Amino acid sequence: IDRWLTDKLHAAVERELLAAHGGQVEALRLWADDRLRMASSAAGARRVRKAADRILAGDNVEDSLKVATEEAPAITEVASNFGFDGWAVVRADGTGFGYTDQPIVSDLALSQIRAIQSALAGDAAMSEPLVVVSREGVPSAFGDGKGAMFAAVPLKAAEGAAPLALVFRIDPNAQFGRILS
């Protein structure tokens, strides 16, 4: 009986919340879908794809960071046009290179951000709002203690190559304020 009563109470609260906030929930869903379309469009831009290929062609971390710095204006311009405030090109092993306000070796922990795992599996996905926890032994970049969300989209890899993802950082505080006000 306790479980039945708990389930009934949860269902009643859910109905009340949806009735009171259904418009905001729908607005957030539309917003998230829109961000994923934008991320897919950005990833499809020829100059973004070319830059990503150059970044990942580096023989070592230093080479890739150097190229990320050189290519940052191309991807950053496209990213900022869509309202994103950072980006990273991520390999299947979680190693990524990108740019926020400086070149970064991505410190995104794949286990923490399922959206990246989805993108590496071929499906665009949006993360939940979170505070990024850096991978052990990796200097902080995205893990700056600020709230973040990530729109992650697959990048077309050469046949037989490991999957790649392009990840865009979103400031949920700035974005949600407009939707919920």
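Above this text is the structure in question.
The rules behind each value
- Residues numbered from 1 in each chain as written.
- Predicted model: local features only at pLDDT ≥ 70, side-chain atom pairs only at ≥ 80, totals over all residues.
- Heavy atoms only, no water.
- Core = buried A, V, L, I, M, F, W, Y, C linked by side-chain atoms within 4.5 Å.
- Buried < 20%, exposed > 50% of the residue type's maximum accessible area, 1.4 Å probe, protein only.
- Helix = DSSP H or I, 4+ residues; strand = E, 2+ residues; numbered from the N terminus.
- Salt bridge = Lys/Arg side-chain N within 4 Å of Asp/Glu carboxyl O.
- Phe/Tyr/Trp six-rings, centres within 6.5 Å; stacked < 30°, edge-to-face > 60°.

### Remarks on the nonpolar core
Inference 1: Counting 31 residues, the largest nonpolar core has Ile55, Phe84, Trp87, Val89, Met126, Leu166 and Phe168 as the members making the most contacts within it.
Inference 2: At the level of secondary structure, the elements contributing two or more residues to this core comprise helix H1 (2-44), helix H2 (46-56), helix H3 (61-81), strand E1 (87-91), strand E6 (147-155) and strand E7 (164-170).
Inference 3: Judged by nonpolar contacts, the second largest core, of 15 residues, contains Ile113, Ile116, Ala125 and Ala148.

### Digging into the pattern of salt bridges
Pairing is possible between side chains that carry opposite charge, provided their charged atoms lie close to one another.
Inference 1: The tally for this structure, following the rule as stated, stands at seven salt bridges.
Inference 2: With a closest N to O distance of 3.8 Å, aspartate 34 and arginine 37 form a salt bridge. You can see aspartate 34 and its partner arginine 37 sitting in helix H1, three residues apart, about one turn around the helix.
Inference 3: Glutamate 71 is paired through a salt bridge with arginine 54; the nearest N and O atoms lie 2.3 Å apart. Taken as a pair, glutamate 71 in helix H3 and arginine 54 in helix H2 lie far apart in primary sequence, 17 residues in all.
Inference 4: Residues joined in a network through salt bridges with shared partners are Asp34, Arg35 and Arg37.

### Things to note about the packing of aromatic side chains
Inference 1: Applying the stated criterion across every chain yields a total of one aromatic pair.
Inference 2: Taken together, a centroid distance of 4.6 Å and an interplanar angle of 20° make the contact between phenylalanine 84 and phenylalanine 168 stacked. Placement of the pair is phenylalanine 84 in the loop between H3 and E1 and phenylalanine 168 in strand E7, with a sequence separation of 84 residues.
Inference 3: On the accessibility criterion, phenylalanine 84 (5% relative accessible area) is buried.

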